[in-house]
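Each chain, written out:
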Amino acid sequence: MAQLTDPRIMSVREADTGAPWLVNGHRLSTDRLDEVLAVAATTAAVLGWDSPPGPEQLGDHRAAADLLRRTWREATAVVRGAEPGRLDQLITLLSEIKAAEERVRDELLERQRSAARVVRDALSVLREVDTVTQLSRRAPLAATTMGFDRAVLSRIEQSVWLPETAYVAKDPEWAEQILRAGREQPRTLDGSLLETQIVRRNRALVVNDLAGRANLHRALVDTSLTRSYVAAPIVGWGRVIGFVHADCYHRRRNPDAMDRDLLWMFCEGLGTLITRATALEELARLRAELRRLADGGYRAGADPVCLGAPGAGSAENGPLDALDDLGSADPELALTRRELDVLRLMSGGRTNAQIARRLVIAEGTVKSHVKHILRKLDAANRAEAVSRWLRSGGAGGARPGYPPSWDGPTYGVSQASNGR
């Protein structure tokens, strides 16, 4: 059953004025906020402030810590020379400031200590999933259990950023709109987008101050109405194959470095789960092929079954010999994953400069890959290398263990997640 949009969430979205979010990082607990407000009120009375700060100015740990440091500086500045009656007030105030400061710090440290548990709990709901399709559907919802309200999972295919699945708390229609905006205006990670850094450096980002920035995916930013977000890479087969974006729209807070690191740890685990699921799916396919061979699929006159190498599973070989032959005559097996990427683009007639832009790498790196390809394929030039690869069936299918899409693995879904 499809999840319905909460009418209250719709009204919040429609009433959004675009005002900046004032809270940075996680909000103070109610107890800590009340304590800091009480200290601020006492300080205002003792030191003669015109008006103490309100709760809207003390929403997060950093703001509370800044205020307490300020009150400590101003109180200690007037201790010397204070009259006995006022001195007692100041000493009591300083004690209250120090106690509140310690409790605010302890609350923040507890959040840091719980980071590993939070990520482990988020990934636990995905560990029993054994298909890449289900992983991609459920991952955005799992990411939001770490303190986010929304998450978008994207894949990278030929350096193009392609949003795949999304989750928006209590608003699946908005998730669909965000995905549609990203799909209708796909962007190439060619250096003009900030997210290119995720691919090049394999690092997570915190992105703030989004208004008017040309190096962002404006269609996604404008449709989501976000003020700030975090993004982290999904790594599989030794390279970035996608990423997850998340924000805290309903909480009206800006994610901080700790949110970035939580999402980064989550994506590291997600990448492992994706490669595991891909391997399981490939093993299941091979098992089905072997079962068909054992049941007579290789009898004389039958079409040979290709398991990754020419002639594998033919009448001349037994069904178990097919595994031994798997890739034995395949030049692709001598090439690294990145060299295969370069070779595929070479077969399309692309120059080194075009390949570098497509793969988001330096042109000198492409030249090095081409040199290795020629040596491994014993080819005198690019045309001969491509010819040998095509004759081996290189363009006809994916290398065993590596599905054909994603520029690596394929998620295979294109729908907003509703948590199911």
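The preceding data block contains the structure.
All chains use their own residue numbering, which begins from 1 and follows the written sequence. This being a predicted model, a pLDDT of at least 70 is required before a residue's local features are given, and a value of 80 or more before pairs of side-chain atoms are given or counted; all residues contribute to the totals for chains, interfaces and linings. To get the side-chain values, all heavy atoms of the structure are used, and hydrogens and water are removed first.

A.B. asks: What is the right way to look at the nonpolar core in this model?
C.D. replies: Nonpolar side chains in soluble globular proteins tend to end up buried together. Nonpolar cores are built from buried Ala, Val, Leu, Ile, Met, Phe, Trp, Tyr and Cys residues. Side-chain atoms within 4.5 Å join them into one set. Burial classes follow relative accessibility: with a 1.4 Å probe on protein chains only, a residue under 20% of its type's maximum area counts as buried, one over 50% as exposed, and anything between as partly exposed. One finds Leu126, Met146, Ile234, Val244, Leu263, Phe266 and Leu270 to be the most contacted residues of the largest nonpolar core, which totals 33 residues. Among the secondary structure elements, those contributing two or more residues to this core are α5 (115-124), α6 (132-144), β2 (150-157), β6 (229-236), β7 (239-247) and α10 (257-297). In terms of residue count, the dominant contributor to this core is α10 (nine residues). Pairs of residues are marked as contacts when any of their non-hydrogen atoms sit within 4.5 Å. Leave out the neighbours within four places in its chain, and Met146 touches His26, Val118, Val119, Ala122, Leu262, Leu263 and Phe266. By size, the runner-up hydrophobic cluster in this structure holds 26 residues, among which are Trp21, Ala175, Leu210 and Tyr229. Numbered from the N terminus, helices here are DSSP runs of H or I no shorter than four residues, and strands are runs of E no shorter than two.

A.B. asks: Honestly, the packing of helix α12 (residues 337-347) against helix α13 (residues 352-359) in this entry has me stumped. Any pointers?
C.D. replies: The packing of two helices is summarised by the inter-axis angle and the distance between the axes. The axes are straight lines fitted to the C-alpha atoms, using for helices just the contacting stretch, and the angles between their N-to-C directions are given from 0 to 180°. Two elements in contact, α12 and α13, have axes separated by 10 Å at closest approach and are oriented at 130 degrees. In terms of their interaxial angle, α12 and α13 are classed as oblique. The two elements α12 and α13 meet at a crossing, and its hand is right-handed. Across the interface between the two elements, Arg338, Asp341, Val342, Leu345 and Met346 from α12 touch Ile355, Arg358 and Leu359 from α13. Residue classes in the contact of α12 with α13 are distributed as five nonpolar, no polar and three charged. An angle below 35 degrees is treated as roughly parallel, one above 145 as roughly antiparallel, one from 65 to 115 as roughly perpendicular, and anything else as oblique. Each crossing is labelled by how the near helix is turned from the far one, with a counterclockwise turn of less than a right angle marking it left-handed and a clockwise turn marking it right-handed. As a working rule, the residues Ala, Val, Leu, Ile, Met, Phe, Trp, Tyr, Cys and Pro are called nonpolar, Asp, Glu, Lys and Arg charged, and the rest polar, with Gly in that last group.

A.B. asks: Can you walk me through the environment of His245 in this structure?
C.D. replies: Relative to the assigned elements, His245 resides in strand β7. Spatially, the C-alpha atoms of His245 and Val230 are 5.7 Å apart, while their sequence positions differ by 15 residues. In contact with His245, other than residues within four places in its own chain, are Arg150, Ala151, Val152, Trp161, Glu195, Tyr229, Val230 and Ala231. Any pair of nitrogen or oxygen atoms within 3.5 Å is treated as a polar contact; in protein, a donor-acceptor pairing is required on top of that, and neighbouring residues in sequence qualify only through side-chain atoms on both sides. Reaching out from His245, the side chain makes a polar contact with the side chain of Glu195 at a distance of 2.9 Å.

A.B. asks: Would you mind showing me how to read the side chain of Ser154 here?
C.D. replies: Here Ser154 lies in strand β2. By relative accessible area, which is 1% here, Ser154 ends up buried.

By themselves these figures say nothing about function.
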